[in-house]
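Residue-level listing of the chains:
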Amino acid sequence: MSTSHVGVLALQGDTREHLAALREAGAEASTVRRLSELEAVDALVIPGGESTAMSHLLRELDLLEPLRSRLADGMPAYGSCAGMILLASEILDAGVAGRDATPLKGIDMTVRRNAFGRQVDSFEDDIAFEGVDGPVHAVFIRAPWVERVGPQVQVLAEAGGHIVAVRQGKTVATAFHPEMTGDRRIHKLFVDLLTE
Ligand code: GLN
């Protein structure tokens with residue numbers, strides 16, 4: 001079985017942690033900052049960070065439409081936090097018009113940006129995660145939640161009564177940051193999907 005080559009979108013955010021997590025989960029991993037790098041990968045991770053800044057850079061670097069069309073063509077992706085927001089088909093509280101977070105439409109879902117953030121900036125919780133044995137320690141930082149999922153979307157985890165992890169085909173999104181905890185089970189789940 002050949003090793004999947006997974007790119008990590010490296011415009012802004014916690015790129016390095018994802019590169020390390022992907023390698024430990026058994027994938028080849030490298031950064032994506034330009035079109036040729038996007039074209040070379042089998043799958044893409046969109047890290048946590050700031051979705052409005054990443055959207056702005058995607059537009060500036062002419063990567064927004066190419067990335068959208070690769071996702072539309074079925075390229076698998078995994079987004080954590082800001083990455084989850086960008087993978088949505090619709091974003092609520094997306095920010096100021098013109099500088100707002102732009103949906104890449106990788107998953108048929110409506111995501112509310114900074115949803116937990118209004119109550120408390122950051123929190124941690126041990127949550128059940130579909131397909132992973134035992135609880136996952138989830139770190140939420142100004143995290144979004146999912147308010148609607150389409151019929152093809154599977155809910156993988158909830159926290160405080162809200163959907164915080166989903167999957168549609170080979171594309172996965174989590175509102176929290178598994179790359180920060182040293183637990184590689186979520187990255188492994190994604191990497192294993194790629195070779196299914
Ligand atoms: N609130 C951030 C955003 O809107 C996401 C925070 C994060 O990635 N930890 O993109």
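Predicted, not measured: the structure shown is a model, and the values here were computed from it.

Draft legend 1. Inspection of the site of the ligand at higher detail. Contacts to the ligand come from G48, G49, E50, S51, C81, A82, I85, R113, N114, I141, R142 and H177. In the environment of the ligand, an oxygen atom lies 3.5 Å from a nitrogen or oxygen atom belonging to the side chain of E50. One of the backbone nitrogen or oxygen atoms of R142 is found 3.0 Å away from a nitrogen atom of the ligand. Look at the ligand: alone it shows 300 Å² of surface, and the protein chains cover 98% of it.

Draft legend 2. Spotlight on the UniProt feature "active site" (unreviewed entry) in the protein chain. Feature annotation in UniProt places "active site" (unreviewed entry) on C81, H177 and E179, given in this structure's numbering. The named residues occupy 99 residues along the chain; their greatest pairwise C-alpha distance, 10.8 Å, places them in one compact cluster. Mapped onto the secondary structure, H177 falls in the loop between strand 12 (171-174) and helix 6 (185-194). Tracing the chain through its elements places E179 in the loop between strand 12 and helix 6. The contacts of E179, once residues within four sequence positions are left out, are D14, E17, H18, G48, S80, R184 and H187.

Draft legend 3. Structural context of the environment of R59. Within the fold, R59 resides in helix 3 (residues 51-60). Between the alpha carbons of R59 and H5 there is a distance of 24 Å; along the sequence they are 54 residues apart. Setting aside residues no more than four positions away along its own chain, R59 makes contact with L64, G98, R99, D100 and T102.

Draft legend 4. Examining the UniProt feature "binding site: L-glutamine" (unreviewed entry) in the protein chain more closely. UniProt marks G49, E50, S51, R113, I141 and R142 with the feature "binding site: L-glutamine" (unreviewed entry), using the numbering shown here. The greatest C-alpha distance among the residues just named is 12.8 Å, despite their covering 94 residues of sequence, which places them together in space. The residue S51 is located in helix 3 in this model. What S51 contacts, discounting residues up to four positions off in sequence, is A82, I85, L86, A101 and R113. Here R113 shows up in the loop between strand 6 (109-112) and strand 7 (122-127). The buried category is assigned to R113, whose relative accessible area is 11%.

Draft legend 5. A look at helix 3. If you check which residues of helix 3 are buried, you get S51, T52, M54, S55 and L58. Down the axis of helix 3, the sector holding all buried residues measures 165°, keeping them to one side. Buried residues belonging to helix 3 abut strand 1 (5-9), strand 3 (43-46), helix 4 (64-72) and helix 5 (82-87). Phi turns positive, to about 55°, at D62, one or two residues after helix 3.

Draft legend 6. The packing of aromatic side chains, seen in detail. For the structure shown, the criterion picks out seven aromatic pairs. Between F116 and F140 the ring centres are 5.5 Å apart and the planes differ by 55°, which places this aromatic pair in the tilted class. Taken together, the residues span a long stretch of sequence, with F116 in the loop between strand 6 and strand 7 and F140 in strand 8 (residues 136-141) at a distance of 24 residues. We note that F116, like F140, is buried. When the centroid spacing of 6.2 Å and the interplanar angle of 90° are considered together, the rings of F129 and F176 count as edge-to-face.

Calculation rules
Residues numbered from 1 in each chain as written. Predicted model: local features only at pLDDT ≥ 70, side-chain atom pairs only at ≥ 80, totals over all residues. Heavy atoms only, no water. Near = heavy atom within 4 Å. Polar contact = N/O pair within 3.5 Å; in protein donor to acceptor, adjacent residues only side chain to side chain. Areas by Shrake-Rupley, 256 points an atom, 1.4 Å probe, with all protein chains shown as cover. UniProt positions renumbered as here; feature names shortened; annotations may be inferred. Helix = DSSP H or I, 4+ residues; strand = E, 2+ residues; numbered from the N terminus. Contact = heavy atoms within 4.5 Å. Buried < 20%, exposed > 50% of the residue type's maximum accessible area, 1.4 Å probe, protein only. Arc of directions from axis to C-beta. Phe/Tyr/Trp six-rings, centres within 6.5 Å; stacked < 30°, edge-to-face > 60°.

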